[in-house]
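# Examination of the molecular architecture
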Amino acid sequence: MLSLTALTVDNATAALEHGLAAIAAGQTVFDLRNVVAVDSAAVSVMLAWQRAAANAGVKLQLVNLPAILKSLTKLYGVCALVSPQLCDQPARDVSTSAELHHH
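Throughout what follows, the structure given in this document is the object of discussion.

This part is about the overall build of the protein. If you tally the helices and strands in the protein, you get 5 helices and 4 strands. Secondary structure elements in the protein, listed N-terminal to C-terminal, are β-α-β-β-α-β-α-α-α. Partitioning the contacts of the protein with sequence separation of at least 6, the portion at a separation of at least 24 is 68%.

This part is about the packing of aromatic side chains. To describe a pair of aromatic rings, you give the distance between the ring centres and the angle between the ring planes. Applying the stated rule across the entire model yields 1 aromatic pair. Pairing phenylalanine 30 with tryptophan 49 gives two aromatic rings, centres 5.0 Å apart and planes at 85°, and the pair type is edge-to-face. With phenylalanine 30 in strand E2 (residues 29-31) and tryptophan 49 in helix H2 (residues 40-55), the pair connects residues that are 19 residues apart, well separated along the chain. Across the pair, tryptophan 49 and phenylalanine 30 agree in class, each one buried.

Moving on to the nonpolar core. With 25 residues, the main nonpolar core has Leu7, Leu32, Met46, Trp49, Leu62 and Leu65 as its most contacted residues. When residues of this core are traced back to their parent elements, those giving at least two are helix H1 (12-24), H2 and helix H3 (67-75). For this core, the leading source of residues is H2, giving 7 residues. In contact with leucine 7, other than residues within four places in its own chain, are Ala15, Val35, Ala37, Val38, Asp39, Ala42, Val45, Met46 and Trp49.

Its location among the elements puts alanine 42 in helix H2. C-alpha of alanine 42 to C-alpha of threonine 8: the two residues are 34 residues apart in sequence and 5.7 Å apart in space. In contact with alanine 42, other than residues within four places in its own chain, are Leu7 and Leu69.

Another aspect to go through is the packing of H1 against H2. One can describe the packing of H1 onto H2 by two numbers: an axis separation of 10 Å at closest approach and a directional angle of 20°. It follows from the interaxial angle that H1 and H2 lie roughly parallel. With respect to the hand of their crossing, H1 and H2 are arranged in right-handed fashion. Residues Ala12, Ala15, Leu16, Gly19, Leu20 and Ile23 of H1 form the contact with H2, whose participating residues are Ala41, Val45, Ala48, Trp49, Ala52 and Ala53. Tallied by class, residues from the contact of H1 with H2 come to 11 nonpolar, 1 polar and no charged.

Conventions we followed
- Residues numbered from 1 in each chain as written.
- Predicted model: local features only at pLDDT ≥ 70, side-chain atom pairs only at ≥ 80, totals over all residues.
- Heavy atoms only, no water.
- Helix = DSSP H or I, 4+ residues; strand = E, 2+ residues; numbered from the N terminus.
- Contact = heavy atoms within 4.5 Å.
- Phe/Tyr/Trp six-rings, centres within 6.5 Å; stacked < 30°, edge-to-face > 60°.
- Buried < 20%, exposed > 50% of the residue type's maximum accessible area, 1.4 Å probe, protein only.
- Core = buried A, V, L, I, M, F, W, Y, C linked by side-chain atoms within 4.5 Å.
- Axes fitted to C-alpha atoms, helices over the stretch in contact; angles between N-to-C directions.
- Parallel < 35°, antiparallel > 145°, perpendicular 65-115°, else oblique.
- Left-handed = near helix turned anticlockwise from the far one by under 90°.
- Nonpolar A, V, L, I, M, F, W, Y, C, P; charged D, E, K, R; others polar.

So this is what it looks like as structure tokens:
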């Protein structure tokens, strides 16, 4: 099973390769519950995994995406491509009250 704690530019290449190897080995579910650090590279990696799975003729499920990761996929408008089953679920607001308070 794919196990990651971060999905950032720092480990994007390794995560991509690990995921592609898992797909080639027949894995069809990636549980991302342990991912605590993400950036925009995460979205690119997940799209590449989905593309590889589609090319292999399998359906890849990305499950237990942390709220920040769901928010990024929605922000970039690719939620339906990354994890369609999660698109209808509201992402938890990850903003702090300090970020929302303006003078």
